[in-house]
Amino acid sequence: LLIVTARPGFTAPWADRPEVVRIHLTPLEPGDSLALVLAQPGAERLPPSIRRAILDRADGVPLFVEELTRSTVEHAAERGVQALDDFDLPMSLQDSLLARLDRLGPVKRIAQVASVVGRRFLRAVLGALAERDDRDVGAALDRLVASDLVIPDTSEVDHFLFRHMLVQEAAYNTLLKADRRQLNLRLLEIFEADAAKYDAKPERLAHHAEEGGKPAAAAAYWLKAGLAALAKSAMPEAKARLERGLAVVATLPPGPERARCELSLLLALGKALIATRGYAMPETGSAFERARVLCDVVGERSEKLAVLHGLWIHDLLCGRLLSAQTRADELLAAAEAAGDPVWIVVGCRAQGVLGYPLANFDKSLAFLERGLAAFDPDLRPAYAQILVDDPKVVMTMYSSWVLSYLGQRDRAFAAADEAIAEARALGQPYNLAHALTGRILVGMFNDDVSGLDPLMAEVSDLTSEFELGYYGAVSAILRARLAVLGGDAVGGSAALATALDNYRATGSLLYLPTFTMWLADALLGAGNAEGALERIEQAEALMRDTGMANDRAAIALLRGELHRQSGDQDTARAAIGEAIAVAEQQGLERVADRGRVALAALGPGEPARPVASQAGGTPQVA
């Protein structure tokens, strides 16, 4: 059981899941509010008129009831309040907290200094920042604990907590801006002197640098914090921290320092956006486009290649394969000219991955095998500076797809299993999500979906827990396809249609012809031949628009089956003939064999004739 409390307006991606129960907390009833008032030490001595005033002012908000009561008890002890006329109740919770802080006298300063450290603070850090000896600090802490504004943190020795975040905020807001800045700078120096001792994370250093008026240092720490989150596959956190860094960079004066810092943040942000929002989303492309502009000013060769790779993968997922091919050629040529072993692997990966949707299967496999041969596990940190995924996992999995299409079933399954094993050994959720989805596809490509349910469940959990937007969309498509293959054509087709809409929402067009063909097949199985033909026409239009051709033969074959069932034997024969010709041209013997069987089943008909491919390109023979 997990209980989460939040203020109104809070949203979360899991909030609408069926296992989540929402309980809207209403203000306390007057009787409960009075019980809470009387539970505070000394409240029983307050006159009834003041108790009623507290209830009216607090309006059933528990924290306000408590704080207003404590503030009133303290004031009554000092001034001897006997009636409501003797005392002006604070108008708000903030006013009440400020009044209580003011009554602390000299101890208020310790509370203010502690508020700079944060809601949780270490006694030694407080003493160093306040420049007080331990005895004075101890006495002040005793007073703060007695006032119930601060409580000891029982989980760790010499650590304390402000009772509520609002107490810390109230104390912090009483500091003058100049005083606040100096305290943050002093605290930054303390943490920088021994970050390990104080467990000072980069994001904490970034906050104090920002509050201390050092934006350049803050941006550098936000970059470090973002990279640390990326390394742990905490993609939403990485995105938030890097965007915070970019906001700080925007306050710097124009110049090389600002440009270089912004470039570093953008390259890291591009990877976080790929993982959370998707490769093809406009904001992902915008990050890399802006980085390209900055590269012209301050970029080194490695940074320019990183930008080129980011733009390549954005074009790839957007379905701009001609542009992606140009960028992949440029990327590999630059890597080879420089003799850079890291970039040669990245360049081979780009060429090998791109060859698959273009149906250049032999070329794709050759580049993937070259990249795997050049891969050096000792250089993984260098690859990680460029890529959001691991090149060995990706190249091995893409090899399994190409091998599946070329009919090398055993090698395909072996490669897919190797990719999963590699991803599990790395322990990185993003790589594992890629490997799991890839292995599920290999099962589908080879008409063997046995044992895929556990993999499907695992990838669904991963994409949900780590908010991996692109793979979340893909996994929904795979789940629906498995339902169809399991015999639920009606439910599966409906789920697949929804999943395709969600996939399009990521901005991605890559592999959409294949996914649309799956929907057509599902609709055909559900008895909706008209809808199936409409989807096949959509798939063919997507192939024309993007140049994707890896399932061109299979799509033509399904079109032939649709026409056969409608009774248009000549059109069916032409489509199946096209499928055979394309499959033979691409080296897809399994598809060609399926086409020959389908053609033979049609019986004798018109002689084979040239027909233009529905996906464009050179005429084929049918």
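Source: prediction; values computed, not measured. (Residues numbered from 1 in each chain as written. Predicted model: local features only at pLDDT ≥ 70, side-chain atom pairs only at ≥ 80, totals over all residues. Heavy atoms only, no water.)

K.L.:
Can you help me understand the pattern of salt bridges in this one?
P.N.:
Inspection of every chain in the model, using the stated rule, returns 44 salt bridges. The shortest N-O distance in the salt bridge between Arg-45 and Glu-44 comes to 3.4 Å. Across the pair Arg-103 and Glu-74 runs a salt bridge, and its minimum N-O distance is 3.5 Å. Here the residue Arg-103 occupies a position in the loop between α4 (93-102) and α5 (107-117), and Glu-74 occupies one in helix α3 (residues 62-79), the gap between them amounting to 29 residues. The exposure class of Arg-103 is buried, given its relative accessible area of 16%. A network of salt bridges, in which partner residues are shared, links Glu-66, Glu-67, Arg-70, Glu-74, Arg-100, Arg-103, Asp-148 and Arg-163. (Salt bridge = Lys/Arg side-chain N within 4 Å of Asp/Glu carboxyl O. Helix = DSSP H or I, 4+ residues; strand = E, 2+ residues; numbered from the N terminus. Buried < 20%, exposed > 50% of the residue type's maximum accessible area, 1.4 Å probe, protein only.)

K.L.:
I'm lost on the pairing of strand β3 (residues 159-162) in this one. Help?
P.N.:
Note on strand geometry: in a regular strand, side chains alternate between the two faces of the sheet. Direction of pairing for strand β1 (residues 120-122) relative to β3: antiparallel, over a ladder of 3 bridges. Across the sheet, the residue bridging to Leu-122 is His-159, located in β3. Both strand β2 (residues 150-152) and β3 contribute to a ladder of 3 bridges, which runs antiparallel. What sits directly across from Ile-151, in β3, is Leu-161. (Pairing = 2+ DSSP bridges.)

K.L.:
Looking at this structure, how should I read the packing of helix α16 (residues 321-338) against helix α17 (residues 341-355)?
P.N.:
Packed helix pairs are specified by the crossing angle of their axes together with the interaxial distance, meaning the distance between the axes. For the pair α16 and α17, the least separation of the axes is 8 Å and the interaxial angle reads 155°. With respect to α17, the element α16 is oriented roughly antiparallel. Handedness of the crossing formed by α16 with α17: left-handed. Here α16 contributes Leu-321, Ala-324, Gln-325, Ala-328, Asp-329, Leu-331, Leu-332, Ala-335 and Glu-336 to the contact with α17, which in turn contributes Trp-343, Ile-344, Val-346, Gly-347, Cys-348, Ala-350, Gln-351 and Leu-354. Residue composition of the contact of α16 with α17, grouped by class: 12 nonpolar, 3 polar and 2 charged. (Axes fitted to C-alpha atoms, helices over the stretch in contact; angles between N-to-C directions. Parallel < 35°, antiparallel > 145°, perpendicular 65-115°, else oblique. Left-handed = near helix turned anticlockwise from the far one by under 90°. Contact = heavy atoms within 4.5 Å. Nonpolar A, V, L, I, M, F, W, Y, C, P; charged D, E, K, R; others polar.)

K.L.:
What is the right way to read the packing of aromatic side chains from this model?
P.N.:
Geometry of an aromatic ring pair is reported as the spacing of the ring centres plus the angle between the planes. Using the criterion set out here, one finds 19 aromatic pairs in the structure. Every member of this aromatic cluster is reached through a ring pair, and the members are Tyr-356, Phe-361, Tyr-398, Trp-401, Tyr-405, Phe-445 and Tyr-511. (Phe/Tyr/Trp six-rings, centres within 6.5 Å; stacked < 30°, edge-to-face > 60°.)

K.L.:
What should I look at first to understand the packing of helix α9 (residues 177-193) against helix α10 (residues 202-211) in this one?
P.N.:
One can describe the packing of α9 onto α10 by two numbers: an axis separation of 8 Å at closest approach and a directional angle of 145°. Of the two elements, α9 crosses α10, and the hand of that crossing is left-handed. Residues Arg-180, Arg-181, Asn-184, Leu-187, Leu-188 and Phe-191 of α9 form the contact with α10, whose participating residues are Arg-204, Leu-205, His-208, Ala-209 and Glu-211. Its residues assigned to classes, the contact of α9 with α10 comprises 5 nonpolar, 2 polar and 4 charged.

K.L.:
Help me understand the environment of Ala-209, please; the structure alone is not making it clear to me.
P.N.:
Inspection of the secondary structure assignment puts Ala-209 in helix α10. The buried category is assigned to Ala-209, whose relative accessible area is 0%. Considering only alpha carbons, one finds Ala-209 and Ala-220, 11 residues apart in sequence, at a separation of 9.7 Å. Excluding residues that lie within four positions of it along the chain, Ala-209 makes contacts with Leu-188, Lys-214, Ala-217 and Ala-218.

K.L.:
Which parts of the structure should I look at to understand the confidence of the model for the protein?
P.N.:
Parts of the prediction with low pLDDT should not have their coordinates interpreted in detail. Taken residue by residue, the protein gives an average pLDDT of 90. The fraction at 70 or more is 95%. In the predicted structure, residues 607-622 sits below a pLDDT of 50 and forms 41 contacts with residues beyond four places in sequence or in another chain. (pLDDT = per-residue confidence, 0-100.)

K.L.:
What exactly am I supposed to notice about unusual backbone geometry here?
P.N.:
What is expected of a backbone is that most residues other than glycine have negative phi and most peptide bonds are trans. The backbone phi angle of Asp-447 is positive, close to 55°, even though this residue is not glycine. Within the secondary structure, Asp-447 sits in the loop between α22 (429-445) and α23 (453-465). With relative accessibility at 70%, the residue Asp-447 sits in the exposed group.

K.L.:
Looking at this structure, I do not really get the sheet that holds β3. What am I missing?
P.N.:
Paired through backbone hydrogen bonds, the strands of a sheet run either parallel or antiparallel to each other. As summarised here, the arrangement of the 3 strands in space is β1-β3-β2, forming an open sheet in which the pairing is antiparallel. Since the sheet does not close on itself, it has two edges, and those belong to β1 and β2, each with one partner. For this sheet, the mean inter-axis angle between neighbouring strands, taken without regard to orientation, is 30°.

K.L.:
I keep staring at the environment of Ser-147 and nothing clicks. Help me out?
P.N.:
Mapped onto the elements, Ser-147 comes out in the loop between α7 (134-146) and β2. When the C-alpha atoms of Ser-147 and Glu-336 are compared, they prove to be 69 Å apart, with 189 residues separating the residues in sequence. Discounting residues that sit within four places of it in the chain, Ser-147 has contacts with Glu-74, Arg-100 and Leu-104.

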